[in-house]
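Structural features, examined
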Amino acid sequence: MSSKKGMHGAWSSRWTFVLAATGSAVGLGNIWKFPYIVGENGGGAFVLVYLLCILMVGLPVMVAEVMLGRRGRQSPINTMRYLTEQAGLHGGWNAIGWLGVVAGLMILSYYAVIAGWALHYIGHMASGTFQGVTAEQAGSIFNELLADKDTLIFWQTIFLLLTVIVVTGGVTKGLGMAVRVLMPLLFVLLIVLLVFSYQSGDFARGFSFLFSFNYEALTWEGVLEAMGHAFFTLSLGMGAIMAYGAYMPQHARIGRTVLAVGLLDTLVALVAGLAIFPIVFANPTIEPSSGPGLMFVSLPVVFGNMPGGLLFGSLFFVLVTLAAWSSAISLIEPAVAYLVESKNFHRITANLLLGLIAWIVGLGSVLSFNVWSESRVAGFNFFEFMDFLTSSVMLPLTGLFIAIFVGWIMRPQAVREELSDESDYVFFRWHWIVRYISPLAILVVFVMGIYKTFS
Ligand code: PHE
């Protein structure tokens, strides 16, 4: 077994962990994905289910992941191996680590494609393409981009290279530094957008779309998507948070740290939604349910028509790229850490190899927006299939195993010992939720959602 402590360096403080975990959590999931899946699922009721999932499943599982990571102090695969060996358990529990690493690479494959759109939009914004555009024009500019596979591949490649470079720098240098300045800046800009959208969009309709509970729009497929997104947006169920937990100082309080990350993440998603939907409703040519293009069509209309919009717009897409960047880092880090620990890889070679795999798989997503747009597997195109398989299947399943592992398999004393800095009040409530509520909720939603999706 590899040595337990200090292989990958450690965060300089609890605060750096909060920043890094927030950097991982806040990304395309909040700004790009959350608004469009809310739109596809009819609004309010979906948002409520999503918030419940964050509270009852996401945050408890996040505490569990950080705790496991800190106890194991290695890559997720070796952490799970170490913990199962230590407890004399069946090796099957290692699947938690493996499933996660594979899911991370699969997510990265299409994540890089979407981040490439954002990269491409920086130049579009700066060069004035969107000056004074209407929603219709913004829509056709976006469709032109989707049809052009060479451009998509170009930006996907650039984004993956950026990711590989930072991760090669290692945790303390590369990852820690990348998030310090960027996250606060992104948040400020979202607030600016919100103010503009309040002034110039149909704010009342946007608001009520997000927050009024229209029960009829909700389906089991939607509930599964909401739960899957709770995992996705908090970076859970694939080892990212476990890997970051491995670099967490021993005496930092996990509970409040996780709460801070969860709050920030949720706030960013809701503000993004509040900035986008008023614009959507003020422009009849944009459908709330228009899918992955939602942000790329609605926001250019805002920027193109606001004073200083070209500057703000370019800055916005720079920041979205950076947010995606700090998330992508955490998608690849667990696999890199594993190859370095166990297979004697150099960090550079590990990164290049994994980046290449993500790139090749990502080509499938690129093509699903043009050449393969008509090909369907079980009703999904390639990109949708990858997204469904990872967010709605792999992440929740890994989350389920983690909840069961921590709630039922690990000795309660061992869990208590690792979380000794928490009060009894917090600990016992958390342990109860992770034992009963989270696994049951995941199981019911997963079974019903899958059944409805394929029936
Ligand atoms: N949480 C990131 C986002 O919302 C995506 C992500 C998922 C990152 C899983 C790491 C692990 O964009």
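My aim in this report is to walk through the structure given alongside it, one point at a time. Sequence order as written defines the numbering, with residues in each chain counted from 1. The predicted origin of the model limits local features to residues at a pLDDT of at least 70 and limits the giving and counting of side-chain atom pairs to 80 or more, whereas totals for whole chains, interfaces and linings rest on all residues. Only hydrogens and water are set aside when side-chain values are computed; all heavy atoms of the structure are taken into account.

1. A word on the environment of isoleucine 153
Put simply, the rule reads: Numbering goes from the N terminus for both helices and strands, where a helix is a DSSP run of H or I of at least four residues and a strand is a run of E of at least two.
Tracing the sequence through the fold places isoleucine 153 in helix H7 (residues 149-168). Residues isoleucine 153 and alanine 112 lie 41 residues apart in sequence; the distance between their C-alpha atoms is 9.6 Å.

2. A short note on unusual backbone geometry
Excluding glycine, a negative phi dihedral is what most residues carry, and trans is how most peptide bonds are arranged. What counts here: Whether a residue is buried, partly exposed or exposed follows from its accessible area with a 1.4 Å probe, protein chains only, as a fraction of its type maximum: under 20%, in between, or over 50%, in that order.
Not every positive phi belongs to a glycine, and serine 235 is a case in point at roughly 60°. Summarising the element assignment, serine 235 is placed in the loop between helix H11 (220-233) and helix H12 (240-245). Classification of serine 235 by relative accessible area gives buried; the value is 8%. You will see that asparagine 344, though not glycine, has its phi angle at about 60°, which is positive. Within the secondary structure, asparagine 344 is located in the loop between helix H15 (309-342) and helix H16 (347-368). With a relative accessible area of 73%, asparagine 344 lands in the exposed category.

3. Some remarks on the packing of aromatic side chains
As a reminder of what qualifies: A pair of Phe, Tyr and Trp rings is counted when the ring centres sit within 6.5 Å of each other, with Trp represented by its six-membered ring. The angle between the planes then sorts it: under 30 degrees is stacked, over 60 is edge-to-face, the rest tilted. Our definition puts a charge over a ring when NZ of Lys or CZ of Arg is within 6 Å of the ring centre and also within 35 degrees of the ring normal.
Inspection of the entire model under this criterion finds 34 aromatic pairs. Between the aromatic rings of tyrosine 111 and phenylalanine 232, the centroid separation amounts to 6.3 Å while the plane-to-plane angle is 45°, which identifies the pairing as tilted. Taken together, the residues span a long stretch of sequence, with tyrosine 111 in helix H5 (residues 95-126) and phenylalanine 232 in helix H11 at a distance of 121 residues. Across the ring face of tryptophan 408, the terminal group of arginine 435 is positioned such that the distance to the ring centre comes to 3.7 Å.

4. Points about the site of the ligand
Here is the rule we go by: In this text, near means that some heavy atom of the residue lies within 4 Å of the molecule or strand in question. In protein, a polar contact requires one atom able to donate a hydrogen and another able to accept it; more generally it is a pair of N or O atoms within 3.5 Å, and residues adjacent in sequence count only if both atoms are side-chain atoms. The protein chains shown are the only cover counted for residues, whose accessible areas, like all others here, come from Shrake-Rupley with a 1.4 Å probe. The rule is simple: put a 1 Å grid over the protein atoms alone, call a set of points where a 1.4 Å probe fits but cannot get out a cavity, call an open set with protein on both sides within 12 Å along at least five of seven lines a pocket, and count a residue as lining if it has an atom within 4 Å of a point. Each molecule is checked against the cavity or pocket grid, and it sits inside if more than half of its atoms lie within 2 Å of the grid points.
The environment of the ligand is made up of 14 residues, and the closest members are Ala25, Gly29, Tyr111, Phe232 and Ser235. Measuring from an oxygen atom of the ligand, one finds a backbone N or O atom of alanine 25 at 2.9 Å. The side chain of tyrosine 111 places a nitrogen or oxygen atom 2.5 Å from an oxygen atom of the ligand. Protein chains bury 100% of the 320 Å² of accessible surface belonging to the ligand in isolation. With respect to the pocket detection grid, the ligand is positioned in the largest cavity.

5. Side note on empty space enclosed by the protein
Here is the rule: Grid points are joined across faces, edges and corners, and a volume is the space filled by probe spheres set on the points.
The full count for this structure, using the stated rule, is 2 cavities of 30 Å³ or more. Here the largest cavity is characterised by a volume of approximately 120 Å³. Around the largest cavity sit 16 residues that line it, and Ser24, Tyr111, Phe232, Ser235 and Leu331 are the ones nearest its centre. Elements with a contribution of two residues or more to the lining of the largest cavity: helix H1 (14-25), helix H2 (28-40), H5, H11 and H15.

6. Structural notes on the environment of leucine 162
Checked against the element boundaries, leucine 162 lands in helix H7. Separated by 167 residues in sequence, leucine 162 and isoleucine 329 have C-alpha atoms that sit 9.3 Å apart.

7. Brief notes about the pattern of salt bridges
For clarity, the threshold we go by: What makes a salt bridge here is a side-chain nitrogen of Lys or Arg within 4 Å of a carboxyl oxygen of Asp or Glu, nothing more.
Inspection of every chain in the model, using the stated rule, returns 6 salt bridges. In this structure, the salt-bridge partner of arginine 416 is aspartate 424, at a minimum N-O distance of 2.8 Å. Assessed through its relative accessible area of 47%, aspartate 424 is described here as partly exposed. One continuous salt-bridge network, built from bridges that share partners, spans Arg70, Arg71, Glu417 and Glu418.

8. Looking at the packing of H5 against H15
Selection rule: For helices, the fitted line uses only the C-alpha atoms of the stretch in contact; every axis is such a line through C-alpha atoms, and the angle between N-to-C directions lies from 0 to 180 degrees. Put simply, angles under 35 degrees are roughly parallel, angles over 145 are roughly antiparallel, angles from 65 to 115 are roughly perpendicular, and the rest are oblique. In a left-handed crossing the near helix is turned counterclockwise from the far helix by less than a right angle, and in a right-handed crossing that turn is clockwise. The residue classification treats Ala, Val, Leu, Ile, Met, Phe, Trp, Tyr, Cys and Pro as nonpolar and Asp, Glu, Lys and Arg as charged. All others, Gly included, are polar.
Orientation of H5 relative to H15, taken along the N-to-C sense of each, is 160°, at an axis distance of 8 Å. When the axes of H5 and H15 are compared, the pair comes out roughly antiparallel. At the point where H5 passes H15, the crossing takes the left-handed sense. Along the lines of polarity and charge, the residues of the contact of H5 with H15 split into 24 nonpolar, 5 polar and no charged.

9. What to know about helix H6 (residues 135-147)
Basically, it comes down to this: The span one expects for a helix is its residue count, reduced by one, times 1.5 Å. Comment: arc refers to directions from the helix axis out to C-beta atoms. Two residues qualify as a contact provided that any one of their heavy atoms is within 4.5 Å of a heavy atom in the partner residue.
Helix length check: H6, at 13 residues, gives a terminal C-alpha distance of 19 Å against a target of 18 Å (1.5 Å per residue), a fit within 8%. Taken together, the buried positions of H6 are Ala135, Ala138, Gly139, Ile141, Phe142, Leu145 and Leu146. When H6 is viewed along its axis, its buried side chains cluster within an angular range of 165° and face the same direction. Residues of H6 that are exposed and point over 90 degrees away from its buried face: Glu136, Glu144 and Ala147. Contact partners of the buried residues in H6: H5, H7 and helix H14 (294-304).

10. A short note on H16
As a reminder, the rule being used: Throughout, bend refers to the angle between the axes fitted to the seven residues that end at a position and the seven residues that start at it.
With 22 residues, H16 ought to run about 32 Å at 1.5 Å a step, and its terminal C-alpha atoms sit 32 Å apart, in line with that. Remark: the principal bend of H16, roughly 25°, maps to valine 361. Buried residues of H16: Arg347, Ala350, Asn351, Leu354, Gly355, Ala358, Gly362, Gly364, Ser365, Val366, Leu367 and Ser368, and no others. Summarising the contacts, the buried residues of H16 are in contact with H5, H7, H15 and helix H17 (382-409).

11. Some details on the nonpolar core
The condition that has to hold: Buried Ala, Val, Leu, Ile, Met, Phe, Trp, Tyr and Cys residues form a nonpolar core when they are joined through side-chain atoms within 4.5 Å.
The biggest cluster of nonpolar side chains holds 161 residues, and the ones touching the most others in it are Leu68, Trp117, Met295, Phe296, Phe316, Val406 and Trp430. Per-element tally for this core: the top contributor is H5, with 18 residues. Those residues in contact with leucine 68 that lie beyond four places of it in its chain are Thr79, Met80, Leu83, Met242, Ile402, Phe405, Val406 and Met410.

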